[in-house]
Amino acid sequence: MTTRQPRAARARRLTSALATIAAAAGALTVAAQEPVGIMGINGSWERYPNIASGLGSDSARVAPPAPGPIPDPPLKPQYIGEWRASAARAAELIQQGVPQPDSGSACLPQGMPGMMTAIFPMEVLVSPGQVTMIQEAFNQVRRVYLDEELPAVEDAEPRFSGHSAGRWEGETLVVETIGVKDYVRFRNVPHSMSMRIVERIRLVDRDYMENVLTVTDPEYLTAPWTWKWMYRRWPGYKLQEYVCEDNRYDPSLEYQQLRVEPAQ
Amino acid sequence: MIRSDRASAAALFALALVAGTPAFAHHSFAPYEPDVQVQFTGVVTKYQWTNPHVYIEMDIRSADGETKRWLIEGANPGILNRIGWKWNMIKVGDEISVIVSPLRNGDPAALLKAVRLPDGTIFGNGGPAGPARIKFDEESAQ
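Thresholds, definitions, all that
- Residues numbered from 1 in each chain as written.
- Chains lettered and ligands numbered in written order.
- Predicted model: local features only at pLDDT ≥ 70, side-chain atom pairs only at ≥ 80, totals over all residues.
- Heavy atoms only, no water.
- Helix = DSSP H or I, 4+ residues; strand = E, 2+ residues; numbered from the N terminus.
- Buried < 20%, exposed > 50% of the residue type's maximum accessible area, 1.4 Å probe, protein only.
- Contact = heavy atoms within 4.5 Å.
- Areas by Shrake-Rupley, 256 points an atom, 1.4 Å probe, with all protein chains shown as cover.
- Pairing = 2+ DSSP bridges.
- Axes fitted to C-alpha atoms, helices over the stretch in contact; angles between N-to-C directions.
- Expected span 1.5 Å × (residues − 1).
- Phe/Tyr/Trp six-rings, centres within 6.5 Å; stacked < 30°, edge-to-face > 60°.
- Disulfide = S-S within 2.5 Å.
- Polar contact = N/O pair within 3.5 Å; in protein donor to acceptor, adjacent residues only side chain to side chain.

Q: Hey, could you run me through the overall build of chain B in this one?
A: Of regular secondary structure, chain B possesses two helices and six strands. Buried positions account for 58% of the 142 residues belonging to chain B. Across chain B, contacts joining residues at least 24 apart in sequence account for 59% of those joining residues at least 6 apart. Accessible surface, chain B: about 6100 Å² in total, of which carbon and sulfur atoms supply 53%.

Take a look at the structure:
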């Protein structure tokens, strides 16, 4: 028995190694049959990793390493103190059960760059001259025009999602965005109309896409603010409608008030 | 059966702190009791399938016989569809049971944790709202 066990263990290790090689070969074969290149980003996606049940597919698949946390913004010294204090205040109010109103509680869309969090699933449509990104959350839509010039910053009509121009660098879609309304907030970080967001979007494999974002803003930031989001392909998922139509949160009141009388 | 919930309350709490703003699409669930869950049974007077939240209004009779109308807040239709709900699975007049966390301020409104339909089927309310920590027809957790 004592001699058999190591042999059995060796056999198991060998079997396991062979299975790994076979799986890898299989994955390569499948990958080769799937759409690659710029069409590869087409389709439905969910945030990766999915952080809570119901936000995505609830699939147990876990493959590439998840992105790290988003670093604090490199705000200029005159802004960083207020930003930290306001984050602490917001956390304290949540603890007390009286969260501050924000754009979400007012039923407003997230805008850029927050919408690319993909809190709910997202659809990417690649068409000639354009990549369209649709978020289920708030029905938000971005249109990235390929190989076009962005308007000058001072001419860019302020929008929630701004103005975006893109180009393919190999199989990486590089998108530049300007013209985000100055009251659109991501993580409550202030920004000016000079804010510029560069996204480098690419498939890391057939089913996972990464988006490396870099935000610059000469008025508020001392350095580029960079982080990575990832998305997992969700084959066949059909985005749902999201019209924010019954907002029972009234920011004019000190406390969140929920309407308790039946609507007529 | 209550659907399992992979995100722990601690993780969600940490996320809310880090983000500094509500982590989800609409508003924070902070006005609701974080640690109290109770079961109510009552008759549905309204079932509203809307974004940013689904609402169930129900008439609930208390132990002293008084009937009060409660507003039960659900997640949004997208989340609920993804965990198996259907827009028409609850009807006015249905007697249903819910496990909820009431508002901290005492108003008759509550955050849904789980619902049991007349046929006995049980659904959760998705990860952001957090899981039911009590079972139907067992003693309420305080």
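Having put the structure on the table, let's press on.
Q: Before we go on, may I ask you to explain the sheet that holds strand 2 (residues 122-127) of chain A in this structure?
A: Strand pairing within a sheet occurs via backbone hydrogen bonds; the two strands may be parallel or antiparallel. All names here are of chain A. With mixed pairing, the nine strands of this closed barrel are ordered in space as 1-2-3-4-5-6-7-8-9. Along the sheet, successive strands turn relative to each other by an average axial angle of 30°, direction set aside. Here strand 2 runs beside strand 3 (residues 130-135); their pairing, made up of six bridges, is antiparallel. When the bridges of strand 3 are listed, Met 122 appears paired with Gln 135.

Q: Teacher, can you tell me more about helix 2 (residues 77-96) of chain A here?
A: Turn by turn, an α-helix covers 3.6 residues, leaving residues three or four places apart pointing in a common direction. The terminal C-alpha atoms of helix 2 of chain A, which comprises 20 residues, lie 29 Å apart, in line with the 28 Å expected from a rise of 1.5 Å per residue. Among the residues trailing helix 2 of chain A, Gly 97 of chain A stands out with phi positive, at a value near 85°.

Q: What should I look at first to understand the packing of aromatic side chains in this one?
A: Residues and elements named next belong to chain A. Inspection of the entire model under this criterion finds 15 aromatic pairs over all chains. Judged by centre distance (4.9 Å) and plane angle (35°), the rings of Phe 138 and Tyr 242 are tilted. Taken together, the residues span a long stretch of sequence, with Phe 138 in the loop between strand 3 and strand 4 (141-146) and Tyr 242 in the segment after strand 9 (225-233) at a distance of 104 residues. Comparing Phe 138 with Tyr 242 shows no difference in burial state: the two are buried. Put simply, the rings of Phe 186, Trp 225, Trp 227 and Trp 229 touch in pairs and so form one group of aromatic residues.

Q: Would you mind going over the state of the cysteines with me for this structure?
A: Among covalent bonds in proteins, the disulfide is the one between the sulfur atoms of two cysteines. All names here are of chain A. Applying the stated rule across the entire model yields one disulfide over all chains. The side chain of Cys 107 participates in a disulfide bridge whose partner is Cys 244; the two sulfur atoms lie 2.0 Å from each other. Torsion about the S-S bond of the Cys 107 and Cys 244 cystine: about -70°, corresponding to left-handed handedness. Residue Cys 107 is located in the loop between helix 2 and strand 2, and its partner Cys 244 is located in the segment after strand 9; the two are separated by 137 residues in the primary sequence.

Q: I keep staring at the pairing of strand 5 (residues 109-116) of chain B and nothing clicks. Help me out?
A: In summary, the side chains of a regular strand alternate between the two faces of the sheet. All names here are of chain B. Burial analysis of strand 5 places seven of its eight residues in the buried class, the great majority of the element. Pairing of strand 3 (residues 67-73) with strand 5, which is carried by three bridges, proceeds in the parallel orientation. Counted as the bridge partner of Glu 73 is Leu 111 from strand 5. Across six bridges, strand 4 (residues 95-102) lies against strand 5 in antiparallel orientation. By the bridge assignment, Val 98 is partnered in strand 5 with Val 115. Taken together, strand 4 and the strand that follows it, strand 5, pair antiparallel across an intervening segment of six residues, in which Gly 106 is found at a positive phi of about 90°.

Q: Looking at this structure, how should I read the side chain of Thr 177 of chain A?
A: Residue and element names in this part refer to chain A. Looking at where Thr 177 falls in the secondary structure, it is placed in strand 6 (residues 172-178). Under the relative-accessibility criterion, Thr 177 is labelled buried at 0%. Within the structure, the side chain of Thr 177 is placed 2.7 Å from the side chain of Ser 164, a separation counted as a polar contact. Not counting residues within four places of it along the chain, the set of residues in contact with Thr 177 comprises Met 112, Arg 142, Ser 161, Gly 162, His 163, Ser 164, Met 195, Arg 196, Ile 197 and Glu 199.

Q: Help me understand the side chain of Asn 211 of chain A in this model?
A: All names here are of chain A. Tracing the backbone through its elements, the reader meets Asn 211 in strand 8 (residues 208-216). Since its relative accessible area comes to 0%, Asn 211 is described here as buried. For Asn 211, the side chain forms a polar contact with the side chain of Tyr 231, separated by 3.5 Å. Residue contacts for Asn 211: discarding those within four places in its chain leaves Met 116, Glu 199, Arg 200, Ile 201, Trp 227, Lys 228, Trp 229 and Tyr 231.

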